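Secondary and tertiary structure notes
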Amino acid sequence: MPRRALLAIIATVVAAAAALAPASGDTAWVPPRLSAAERGEWQDGRPPGWSEAARRVGRDCPPGLAKQGRCGPGAAPTGAFENDLREALERLRRWARDTIRLPGPLMDSMLAGVEGAARHGVPLDVAERVGKAAAERRLTPLGIEQITRALAYGARHGVAPADMEAFAGNGLAAGVPPESIALG
């Protein structure tokens, strides 16, 4: 490509970027071609409803954008959440291997279930305790999955973590089949 054509392309890109940049004195970006009322709804460069939207654990992205896959790498769970989760899973792995000598498939199921529940909004300590209780009772991998999925379902529907834990724990202690606990 000739240098002159490349410079023309660069100049066009710079001009387009300048047109989209905030005017002097403005600090936040607002999409072009919005009505005055729509522009007024944007605050600090964030779309209307951003502050009110429920966030998933460790995510800083509106749920609608997350569903569309438009949040990019910045929407990944935060480093603190990832570190806490990694530590909890390692703690569970050591406990399952060294303390109760859980067979590999059951340990894998417990770890996957706890991770899945935590990533879907269940507080990590609750997921960990319920995962341990399920493993101690030597539930099948399917049973462990049913219990941890039920926790995630409860978290998505606003059930208090203490209530989820008590319901699952009481059911496990009473010997209720996992599928019945999950349906409860």
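Look up: the structure comes first, before these words.
A few points on the structure.

Basis of the calculations
- Residues numbered from 1 in each chain as written.
- Predicted model: local features only at pLDDT ≥ 70, side-chain atom pairs only at ≥ 80, totals over all residues.
- Heavy atoms only, no water.
- Axes fitted to C-alpha atoms, helices over the stretch in contact; angles between N-to-C directions.
- Helix = DSSP H or I, 4+ residues; strand = E, 2+ residues; numbered from the N terminus.
- Parallel < 35°, antiparallel > 145°, perpendicular 65-115°, else oblique.
- Left-handed = near helix turned anticlockwise from the far one by under 90°.
- Contact = heavy atoms within 4.5 Å.
- Nonpolar A, V, L, I, M, F, W, Y, C, P; charged D, E, K, R; others polar.
- Buried < 20%, exposed > 50% of the residue type's maximum accessible area, 1.4 Å probe, protein only.
- Expected span 1.5 Å × (residues − 1).
- Arc of directions from axis to C-beta.
- Salt bridge = Lys/Arg side-chain N within 4 Å of Asp/Glu carboxyl O.
- Patch = residues over 30% accessible without salt bridge, like charges linked within 9 Å, V, L, I, M, F, W, Y side chains within 5 Å.
- Areas by Shrake-Rupley, 256 points an atom, 1.4 Å probe, with all protein chains shown as cover.

Turning next to the packing of helix α4 (residues 79-99) against helix α6 (residues 124-136). Two elements in contact, α4 and α6, have axes whose closest approach is 11 Å; the angle formed by their N-to-C orientations is 20 degrees. One way to sum up the angle between α4 and α6 is to call them roughly parallel. Once α4 is placed against α6, the crossing between them reads as right-handed. Where α4 abuts α6, its residues Asp84, Leu85, Ala88, Arg91, Leu92 and Trp95 lie against Leu124, Glu128, Lys132, Ala135 and Glu136. Within the contact of α4 with α6, the residues separate by chemical class into six nonpolar, no polar and five charged.

Below, the discussion takes up the side chain of Ser109. Examined against the element boundaries, Ser109 turns out to sit in helix α5 (residues 104-119). With a relative accessible area of 13%, Ser109 lands in the buried category.

Next up on the list: helix α8 (residues 161-173). In a regular helix each residue adds 1.5 Å, so 13 residues correspond to 18 Å; α8 covers 18 Å between its end C-alpha atoms and thus fits that length. If you check which residues of α8 are buried, you get Met164, Glu165, Ala168, Gly171 and Leu172. Buried residues of α8 fall within an arc of 140 degrees about the axis and therefore sit on the same side. Facing away from the buried side of α8, by more than 90 degrees, are the exposed residues Ala162, Asp163, Asn170 and Ala173. Packing partners of the buried residues in α8 comprise α6, α7 (141-156) and α9 (178-183).

Attention now moves to the pattern of salt bridges. Counting across every chain of the model gives nine salt bridges. Notably, a salt bridge pairs Glu115 with Arg119, separated by 3.0 Å at the nearest N-O pair. Of this pair, Glu115 and Arg119 are both found in helix α5, four residues apart, which corresponds to roughly one turn of the helix. Since its relative accessible area comes to 30%, Arg119 is described here as partly exposed. Across the pair Arg129 and Glu165 runs a salt bridge whose closest N-O atoms are separated by 2.5 Å.

All right, on to a nonpolar patch on the surface then. Residues Leu6, Leu7 and Ile10 make up a contiguous nonpolar surface patch of roughly 260 Å² in combined accessible area. Looking at where Leu7 falls in the secondary structure, it is placed in helix α1 (residues 3-20).

What follows deals with the environment of Glu136. Of note, Glu136 is situated in helix α6. Sequence spacing of Glu136 and Leu172 is 36 residues, and the spatial spacing of their C-alpha atoms is 9.9 Å. Beyond its immediate stretch of four places on either side in the chain, Glu136 contacts Trp95 and Ile100.

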